[in-house]
Amino acid sequence: SAVISQKPSRDICQRGTSLTIQCQVDSQVTMMFWYRQQPGQSLTLIATANQGSEATYESGFVIDKFPISRPNLTFSTLTVSNMSPEDSSIYLCSVEGPGTDTQYFGPGTRLTVL
Amino acid sequence: GESVGLHLPTLSVQEGDNSIINCAYSNSASDYFIWYKQESGKGPQFIIDIRSNMDKRQGQRVTVLLNKTVKHLSLQIAATQPGDSAVYFCAENAGGTSYGKLTFGQGTILTVHP
């Protein structure tokens, strides 16, 4: 499996501001994924980030709101822009393990927007 | 869109009992299924997976059963322990153009009483 870290682990932000979440993997991976988990709910895929190409967003998520960077094979960032209280969620990144379809998740970033 | 759902949102068992967590899926094209365990304040942790060409797979104290006829997935935990208390999610991957995209079920809260 891959070892994944995220920064920050949690944050409390004011509405209208933006937060950039970092995801670091201990090995090179082709595909990285960003998920949102709203309070008490399941996970929803935001986008798929491949190195060297634009991220692919799922229905209901747009690049202006959730810009993603993927500068290399071990790192990605997700920005939550112009935040509102409805953006309060856990944001998780995941990667596929080497030679497998299995996705492994980071510890998540717990975001509260006031 | 396609979705994955669970029959029971909560499950309480006594320590030492066997637990069964169920999941219904609707996408007949899904060919890969994963069970995750999420403890409070942590990211989802991989438990076990199964491909659509199998109907049963066993791990350490866990068994996943897949019934493609009725599109049903279950996770069996033998000799449940208090440390098994968590939220359990099933997830499906349809493959093809949806390669890598996981669709998660709503989750089941498992509580193990000592």
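Rules and cut-offs
- Residues numbered from 1 in each chain as written.
- Chains lettered and ligands numbered in written order.
- Predicted model: local features only at pLDDT ≥ 70, side-chain atom pairs only at ≥ 80, totals over all residues.
- Heavy atoms only, no water.
- Helix = DSSP H or I, 4+ residues; strand = E, 2+ residues; numbered from the N terminus.
- Buried < 20%, exposed > 50% of the residue type's maximum accessible area, 1.4 Å probe, protein only.
- Contact = heavy atoms within 4.5 Å.
- Areas by Shrake-Rupley, 256 points an atom, 1.4 Å probe, with all protein chains shown as cover.
- Salt bridge = Lys/Arg side-chain N within 4 Å of Asp/Glu carboxyl O.

A count of helices and strands for chain B gives zero helices and 11 strands. Ordered by position in the sequence, the α and β elements of chain B form the string β-β-β-β-β-β-β-β-β-β-β. Counting only residues that meet the buried cut, chain B has 44% of its 114 residues in that class. Across chain B, every contact between residues at least 6 apart in sequence was considered, and the portion connecting residues at least 24 apart equals 54%. Summing over all exposed atoms, chain B offers an accessible surface of approximately 5,500 Å²; the carbon and sulfur share of this is 47%.

Here the focus is the pattern of salt bridges. One pass over the full model with this rule turns up six salt bridges over all chains. Residue Asp 87 of chain A pairs with Lys 65 of chain A through a salt bridge whose shortest N-O separation is 2.6 Å. On the criterion of sequence distance, the pair formed by Asp 87 of chain A in the loop between β8 (75-80) and β9 (89-96) and Lys 65 of chain A in the loop between β6 (56-57) and β7 (68-72) is long-range, its members being 22 residues apart. A residue is classified by how much of its surface remains accessible, and Asp 87 of chain A, at 5% relative accessible area, is buried. A salt bridge links Arg 61 of chain B to Asp 84 of chain B, with the shortest nitrogen-to-oxygen separation between them at 2.9 Å. Of the two residues, Arg 61 of chain B sits in the loop between β6 (56-58) and β7 (62-67) while Asp 84 of chain B sits in the loop between β8 (72-77) and β9 (86-95), which places them 23 residues apart along the sequence.

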